[in-house]
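# Understanding the architecture of this molecule
Spelled out from the first residue to the last, the chains are:
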Amino acid sequence: MSSRVGKWALISAPVALSVSACVGWGGYPHAKNVHESQLIGTWHARKCDTTLTLNPDGSASATGIPTEMQLNGKVTQRVTGDGTWEINESDDGQQLDVAIEDEHTPFDLYRDKGRLLVALTVGDPDDMNSCILTRHSKTAATARTAVQ
C-alpha cells in the first residue's frame, strides 16, 4: 500500500507543478491578447487603497501605489502622481507598466471568469503582498464619447 502512495506522489507532483505554473497569483490565469482599450479607465484596490487611472493617450495618474509593505500587508511607502503607461510582453503573457515620477511599476494582468484584473506584487513574491485592482469606471472622456 505504501508503494502505491509513493508512486502516486511521484506521478502527481509534476502534474500539480505544471498546472500551478499556468496560473498566477491567487490561481488566476495570466491574461493574453489584452488591448490598450481594455485597460483604459479607473482601477481601484480597496485593500491597498490604490487608484490608477489609465487614459487613451498613454497618460496615467495614480494615488497610493504601494512600493513597500510589511509582512503583515501594511503599506509603508506609496507613489502618487502623474505619468505614463503601456502594455509590454512578459514571460507569462502581458504586463502593464506604469511610470509615475521616477518609479516604474509592473502590474501583472490576469483573467477571472472573463473579467480583467490588474495585479501588483509588492516586494518579495514569497511574502504574498499583492494588490488586485478591478475596473472602477471608464475615464470621463470615454464615458462622454459613449453617451454622444
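A brief look at the structure comes next.

About the criteria used
Residues numbered from 1 in each chain as written. Predicted model: local features only at pLDDT ≥ 70, side-chain atom pairs only at ≥ 80, totals over all residues. Heavy atoms only, no water. Salt bridge = Lys/Arg side-chain N within 4 Å of Asp/Glu carboxyl O. Buried < 20%, exposed > 50% of the residue type's maximum accessible area, 1.4 Å probe, protein only. Disulfide = S-S within 2.5 Å. Helix = DSSP H or I, 4+ residues; strand = E, 2+ residues; numbered from the N terminus. Core = buried A, V, L, I, M, F, W, Y, C linked by side-chain atoms within 4.5 Å. Contact = heavy atoms within 4.5 Å. Phe/Tyr/Trp six-rings, centres within 6.5 Å; stacked < 30°, edge-to-face > 60°. Pairing = 2+ DSSP bridges.

Take the pattern of salt bridges next. It is possible for side chains of opposite charge to pair when their charged atoms get near one another. Taken as a whole and assessed by the stated rule, the structure comprises one salt bridge. When the shortest N-O distance is used, the salt bridge between Asp112 and Arg115 registers 3.5 Å. Judged by relative accessible area, which is 44%, Arg115 ranks as partly exposed.

Moving on to the state of the cysteines. All chains considered together, the criterion is met by one disulfide. Through a disulfide, Cys48 is tied to Cys131; the S-S separation comes to 1.7 Å. Handedness of the Cys48-Cys131 disulfide follows from its S-S torsion of about -100 degrees: it is left-handed. Of this pair, Cys48 sits in the loop between strand 1 (41-45) and strand 2 (50-54) while Cys131 sits in strand 8 (residues 130-137), and the two are 83 residues apart along the sequence. On the basis of relative accessibility, which here comes to 1%, the residue Cys131 falls in the buried class.

In terms of nonpolar packing, the biggest core is built from 28 residues, with Leu39, Leu52, Trp85, Leu96 and Phe107 touching the most fellow members. Elements represented by at least two residues in this core include exactly strand 1, strand 2, strand 3 (59-69), strand 4 (75-90), strand 5 (93-100), strand 6 (103-112), strand 7 (115-121) and strand 8. Setting aside residues no more than four positions away along its own chain, Leu96 makes contact with Leu39, Leu52, Leu54, Trp85, Glu86, Thr105, Pro106, Phe107, Leu109 and Val118.

The relative placement of two aromatic rings is captured by the distance of their centres and the angle of their planes. For the structure on display, the rule yields one aromatic pair. Judged by centre distance (6.5 Å) and plane angle (40 degrees), the rings of Tyr28 and Tyr110 are tilted. Residue Tyr28 is located in the loop between helix 1 (2-21) and helix 2 (36-39), and its partner Tyr110 is located in strand 6; the two are separated by 82 residues in the primary sequence. Note on Tyr28: relative accessible area 22%, which makes it partly exposed.

In terms of residue burial, strand 2 counts as a mostly covered element, since four of its five residues are buried. Relative to strand 2, strand 1 is paired through five bridges, and the arrangement is antiparallel. Bridged to Trp43 within strand 2 is Leu52. In the sheet, strand 2 pairs with strand 3 via four bridges, with the strands oriented antiparallel. Across the sheet, the residue bridging to Leu54 is Ala60, located in strand 3. Hairpin connection of strand 2 to strand 3: four residues between the antiparallel strands, including Gly58 at a positive phi of 90 degrees.

Positioned with a positive phi, Asp49 is a non-glycine residue whose angle comes to about 55 degrees. By the element assignment, Asp49 lies in the loop between strand 1 and strand 2. With relative accessibility at 53%, the residue Asp49 sits in the exposed group. If you check the backbone angles, Glu101 has positive phi at about 55 degrees while not being a glycine. Among the secondary structure elements, Glu101 is positioned in the loop between strand 5 and strand 6. Judged by relative accessible area, Glu101 falls into the exposed class, the value being 61%.

So, to be careful, I would describe these as geometric facts and stop short of saying anything about function.
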